[in-house]
Amino acid sequence: MEKFLFKIAKKWIAGDTIDDALSSAKDAYGMGRHAIINKLGEYHTTKKQIQDSINDYQKIANSFKKWNIRGAISVKPTQIGLSISQKRCYKSLEEIIQKTSDAHVFIWLDMESSEHTDETIELYSSFFSKYERLGIALQANLKRTEDDLNHLIEIGAKIRLVKGAYREESRISYKTREDVDKRYTRLMTILFKKGNEFAIASHDNKIIKKAKSLSKKYPRKFEFEFLKGIREETKGDLVKNGFVVSDYIPYGTNWFSYSIRRIKERKRNILLLGSSLIQSQ
């Protein structure tokens, strides 16, 4: 099973090292796309794990210019200290921002399981007033997200809308594909009507088509975001039609749990991965 997953993982994970991630980002940039680099790993509780993550993100952000890449970084709060305390995470994010601000690099805060939603939004709100190149992910499958979305739009937040990759209880989340897709479309429509700057992070053809339609009616600054290695043809078509497209590029040795979560997220991901593997042969 692990060997099979590794073959899949190589399609959507750049490799083990920072240079692997930057090389993948360079390839994406050569095809007219931007890059969002994420170091794999979460729930870090040791000083070394946390500091290693901080150092890696600083190095990546300060390497974009050297590599001639238009890129961003995407940080999971639990990999920079949230598992210890919100105060520790705040200090870590502040350190990342201080060391990357001169490079003018955009930073995304990934959203993790629902137990961290409030803390992540509080963290984002604390920094956004001081550092405008900062965005936050929201998960469409959570029942609370519409309220969170409207609140964040009011403060001018930059939002990445995802479907949600974590297993949550039915009392707080929508469970069926139909319900999640319906909520995603509703939240996406709110973004186009009232949002400031946002990302549509979905591989779903119907959602992409709807986003293109909404963009004609409500011109906004937004981009499409895809996982590395998925929907390459669709990415190319969007770029040709003048849309901004970014590849989400993970790297690192902690690929197993990430790959399992991506597959469990939606059954359609298995079909997407299979199609991508066949096309690459």
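In what follows, the accompanying structure is described. Just so it is clear, the structure is predicted and the values come from calculations on it, not from any experiment. (Residues numbered from 1 in each chain as written. Predicted model: local features only at pLDDT ≥ 70, side-chain atom pairs only at ≥ 80, totals over all residues. Heavy atoms only, no water.)

## Observations concerning the nonpolar core
Working step 1: Of all hydrophobic cores here, the largest spans 62 residues; its most connected members are Ile37, Ile60, Ile73, Ile159, Met188, Ile200 and Phe224.
Working step 2: At six residues, helix α8 (residues 177-194) tops the list of elements feeding residues into this core.
Working step 3: In this structure, isoleucine 159 is in contact with Trp108, Ile136, Leu138, Leu149, Leu152, Ile153, Leu191, Glu197, Phe198 and Ala199, ignoring residues within four places of it in sequence.
Working step 4: Formed by 12 residues, the second largest nonpolar core is a distinct cluster that contains Trp12, Leu40, Ile230 and Tyr248. (Core = buried A, V, L, I, M, F, W, Y, C linked by side-chain atoms within 4.5 Å. Buried < 20%, exposed > 50% of the residue type's maximum accessible area, 1.4 Å probe, protein only. Helix = DSSP H or I, 4+ residues; strand = E, 2+ residues; numbered from the N terminus. Contact = heavy atoms within 4.5 Å.)

## Regarding the side chain of histidine 34
Working step 1: Topologically, histidine 34 is positioned in strand β1 (residues 34-39).
Working step 2: According to the relative accessible area criterion, histidine 34 is buried, its value standing at 18%.
Working step 3: What histidine 34 contacts, discounting residues up to four positions off in sequence, is Ala28, Tyr29, Arg70, Glu223, Val244, Val245, Ser246 and Asp247.

## Thoughts on the sheet that holds strand β8 (residues 245-251)
Working step 1: The eight strands lie next to each other as β1-β2-β3-β4-β5-β6-β7-β8, forming a closed barrel whose pairing is parallel. Adjacent strand axes in the sheet meet at a mean angle of 25°, parallel and antiparallel pairs treated alike.
Working step 2: Sheet analysis places strand β3 (residues 106-109) next to strand β4 (residues 134-139), joined by three bridges and oriented parallel. Bridge pairing links leucine 109 to isoleucine 136 in β4.
Working step 3: Sheet contacts for helix α6 (residues 117-128): β3, β4 and β5 (158-162); angle to β4, the most-contacted strand, approximately 160°.
Working step 4: Its contacts with the sheet place helix α7 (residues 145-154) against β4 and β5, and it is angled at close to 160° to β4. (Pairing = 2+ DSSP bridges. Axes fitted to C-alpha atoms, helices over the stretch in contact; angles between N-to-C directions.)

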